[in-house]
Amino acid sequence: MSSCLKRSALRWLTTVWAGACLLTPSAGLWAQPMQDGTASADICNSQDLTTVLQANAHMHAAQAHWLDGALMQWSGQTDRVSGHTFSLLASRQSRLQVQAGRPAEGVEQRWPLSTIAGTASSAVRQRFAFVKPGLLLQMPDVPAATLRELHEQQTLLVEEDPQGRVVAATRLQIAGALDALFAPAAHKLSLGPQFQGKGVRLSLWAPTAQQVQLCLYPNATAPASQLHSLQRDAASGVWSVKLPANAMGAYYRFAVTVHVPGVGRVRNLVTDPYSVSLSADSRRSQILDLNDPALQPTGWISDTPPATVRQATDMVIYELHVRDFSISDESVPTADRGKYLAFTHGQSRGMQHLKALARAGLTDVHLLPVFDLASVPETACLTPRPSGSANSESQQAAVQAVAAQDCFNWGYDPFHFNAPEGSYASDAQDGTRRVIELRQMVQALHRAGLRVGMDMVYNHTSASGQHAQSVLDRIVPGYYQRLNDQGMVERSTCCDNTATEHVMMEKLMSDSVLLWARHYKMDSFRFDLMGHQPRSAMVRMQKRLGKALGRRIDFIGEGWNFGEVADGARFVQASQLSLNGTGIGTFNDRLRDAVRGGSASDTPERIQADQGYISGLVLQPNAQARSGQTPQDLMKVADQIRAGLAGSLRHYTLTTATGEQRALQDIPYGHQPTGYTQEPSEVVNYTENHDNMTLWDSLAFKLPRATSAAERARVQVLGAALVAFSQGVAYFHAGQDILRSKSLDGNSYDSGDWFNRLDWTYQTNHFGTGLPPRQDNGHLYPLMRELLPAPALQPSPADIAFARDAFRDLLKIRASSTLLRLPTAADIHQRLRFFNVGPTQNPAVIAAHLNGKGLAGANFDEMVLLVNVDTRSHTVADSTLQGKAYQLHPVHLDPAAADTRPVQSARHDAASGRFEVPARTALVYVLTAGASGATPTDPQK
């Protein structure tokens, strides 16, 4: 998800969702009434997810922070007035009423506080450096047990005058206290369903709860059959209950009695944040043992991923959405289209496509979110049937009319982190099906020669507070979400931010990733908006997985630096500039922008004017191109391309367009360094992913209008070549190889199947199928209306086939030699050299030399990479390559090669070290072991 992406997690109306949970009470099943007199059955079968036991709508800002179990800081309170006192007020019944100028009411406990001169400890200061200055206040010296019990109550921090009247009041942000008082014990414990002998223990971390009960249901829809009271462990704040073995397969919810600021003392009926499966629409959690043989497809225990990735830089990733993959594939049985099971049909067009990519050199399929998400109805979702002309608004109107009820969403709206999404299962109401079928999908991909990765979204939840789709915040209000200086939830990620800097939120994330790797055999993970998470948490988690599983699990993610955590405001982030030395990869926006032109979210003024290296900058200016651009401007962009080819290594030295020798970290990319990595495993190179426009759609704006579809296909291949030839992890968007278009949609997260289609028959790329949804694209409608009907932007089946096959050839070339996926920075420094550089360069051609001598898996002594982005051929030379009999890479020489220009038009003169590179062509020359001398070996020479 891009940092500037305007998306919100769509939520069904709370009343509709809660109404779906209406259950019919069953008499005679209950052993006890509640203490407040409510019948036990009413607790579990109520249509209301929240029962207010003591209303208290008074809401104060939370301007103070607990710094640990006994110390607090009240931001903004810097001067103490003589005679004024500070107290912490508490009420177990949530009856505190505080107004300035009047004595506090409803006080059940009062704790006098002392002011502390000086500062807190260095550790506390470091963690809470973002908190604005204020008074330090200390609790009396009381037992830890007393401090823990305090957090079960409504509390307010007040300043009072000598007459006992309130001068000022604030709530406290509780994370510091809960982390100090409960987390040291809690983070060692296992939460959720845990199977012990013949029974199962359910455990829930709810340190602020006054009571937790378990509602047990015999199936997904029946009334509850049992109500159990959970026992609280005082030291950890974990509540648990032991059930017999026959509870396996039953469904459950917790009834959590807790104080909610601004609401009062409530009983929340809530699912388990550690749910491993659920009933339809996430109404109930299900008790399952993921080790149960009944949940394992045939051959699951022996299933292993293909041994194609020895180093992270071996990864070549294809980013794919489960529903996109098959919903339009008529070779898949109708019932399985858009489902996990579609991947099990090995002879389908989609699976044949993936297998062909695997044979060519693709190593990983990365799935957009497959955890339980909040935005797709899992039963009775709708599928609109749009129609209209190439630039009509009718298609998007039809899609948007049912957007909240249709079957599509990207899924970046987590509901339950540890359970598979039910809309992709054959039966969402049967929680076992999603577990079994997701495993069948993974197994099928492994058998197709592909490892499997998941897109993880731990930076936000789909909702918070008392919303029906809020889970964490309805159990421990105010802990799991990141709050601003007034105690309101931060939303810089698009949605309700989580606080992975808090111990138990980090634990949830780490436990969750381990579960997916262990029980679903995931091989790698991509982390959405990873820069909103602490570097330390990511490093600990990766080490934990390696130790627990005995295998390396590769991590990549979005390292964007923005929002309330930007520039290390709250912690050292897992962002581009901070992950050096961790081996965790981040997406390379430098290469992306240099290749495409502009940035991720161009304005109408810039989307055509800002051309990139392959889209015509200087060489083929479009009608709206910036005036006054010179070859020197192209040279600077070419340097950015070279930096990407060198793995964006901080200390790699390049002769720049000015003639200077500069380390990549000293070449500016806006206000940031171009080179930002310590090792090549820390960079993910790409030109297209699910966010923003596809490359085809971007080129529709940037290439001159007269550029033919066939030439546009060649340009698309150039974009793929620059990724395939770059050191680091190679990352491609599903359909990029077949010229995928979303009809110019720049944000298709909720654009339905219509704007997200893939055609595995290779007949169309779906360009010109209507104006995309107005919400995120309307500002570009005037331009889009002109482009969408244009014949030159409609590729023929032959154009699509060329791009498909040329892409596979690029994968074959990358797979043929470890020279294109060097594992260490030392290798890159030693073996990669650019020529045709500096102020006298021909900026239309990227030229690089790789030395493979002594490198395991190199398969060639030398390799020369050449990419010409111009519409005419160019010649470049390097005197150090004179006298060497280079020949075209075997993939180019194969009669089945998609691109015939290398064989027909490329030239190499060994005596002079000169290479002639055809127009809009990427090619590779190699020197096989022992080859020497000046005899040319090109077929046409």
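The text that follows walks through the structure, step by step, so that each part is easy to find. Please read these numbers as outputs of a predicted model, since none were measured by experiment. (Residues numbered from 1 in each chain as written. Predicted model: local features only at pLDDT ≥ 70, side-chain atom pairs only at ≥ 80, totals over all residues. Heavy atoms only, no water.)

1. Quick notes on the packing of helix α8 (residues 349-360) against helix α21 (residues 797-815)
Their axes nearest at 8 Å, the elements α8 and α21 cross at an angle of 35°. Residue-level inspection shows H353, A356, L357 and A360 of α8 in contact with α21, the latter providing R804, F807, R808, L811, K812 and A815. Classifying every residue of the contact of α8 with α21 gives six nonpolar, one polar and three charged. (Axes fitted to C-alpha atoms, helices over the stretch in contact; angles between N-to-C directions. Helix = DSSP H or I, 4+ residues; strand = E, 2+ residues; numbered from the N terminus. Contact = heavy atoms within 4.5 Å. Nonpolar A, V, L, I, M, F, W, Y, C, P; charged D, E, K, R; others polar.)

2. Digging into the state of the cysteines
In this structure the tally under the stated criterion is three disulfides. Covalently, C44 is tied to C215 through a disulfide, its sulfur atoms 2.0 Å apart. Classification of the bridge connecting C44 and C215 rests on its S-S torsion, roughly -80°, and on that basis the disulfide is left-handed. Taken together, the residues span a long stretch of sequence, with C44 in helix α2 (residues 40-45) and C215 in strand β12 (residues 211-217) at a distance of 171 residues. In terms of burial, C44 and C215 fall into one category: buried. Between the sulfur atoms of C494 and its disulfide partner C495 the distance amounts to 2.4 Å. Taking the torsion about the S-S bond as the criterion, the C494 to C495 disulfide, at about -80°, is left-handed. As far as the burial class goes, C494 and C495 line up, both buried. For the protein chain, the bonded cysteines pair up as 1-2, 3-4, 5-6 when numbered in the order they occur along the sequence. (Disulfide = S-S within 2.5 Å. Buried < 20%, exposed > 50% of the residue type's maximum accessible area, 1.4 Å probe, protein only.)

3. Overview of the layout of surface pockets
If you add up the space inside the largest pocket, you get close to 1,100 Å³. Lining the largest pocket are 46 residues, with D593, Q640, P668, Y669 and G670 positioned closest to its centre. Listing elements by their share of the lining of the largest pocket, those giving two or more residues are α14 (589-596), α16 (631-645) and β31 (668-669). When the residues that make up the lining of the largest pocket are grouped by side-chain class, the tally is twelve nonpolar, 21 polar and 13 charged. Here the second largest pocket is characterised by a volume of approximately 740 Å³. The wall of the second largest pocket is formed by 36 residues, among which T500, E501, H502, E506 and P534 lie closest to the centre. Those elements giving two or more residues to the lining of the second largest pocket turn out to be β2 (64-66), α3 (122-127), α5 (175-181), α12 (503-519) and α13 (535-549). When residues of the lining of the second largest pocket are assigned to their parent elements, the largest contribution, six residues, is made by α13. Among the residues making up the lining of the second largest pocket, the classes are represented as 14 nonpolar, twelve polar and ten charged. (1 Å grid on protein atoms, 1.4 Å probe; cavity = no way out; pocket = protein on both sides within 12 Å on 5 of 7 lines; lining within 4 Å. Points joined across faces, edges and corners; volume = space filled by probe spheres on them.)

4. Some details on the pattern of salt bridges
Scanning the model with the defined rule gives 43 salt bridges in all. The salt bridge involving D554 is made with R451; its shortest N-O contact spans 3.2 Å. Taken together, the residues D554 in strand β27 (residues 554-557) and R451 in strand β23 (residues 451-456) connect sequence positions 103 residues apart. Among the residues examined, D554 registers a relative accessible area of 4% and is labelled buried. One salt bridge connects D554 with R552, and the closest N-O pair in it is separated by 2.7 Å. (Salt bridge = Lys/Arg side-chain N within 4 Å of Asp/Glu carboxyl O.)

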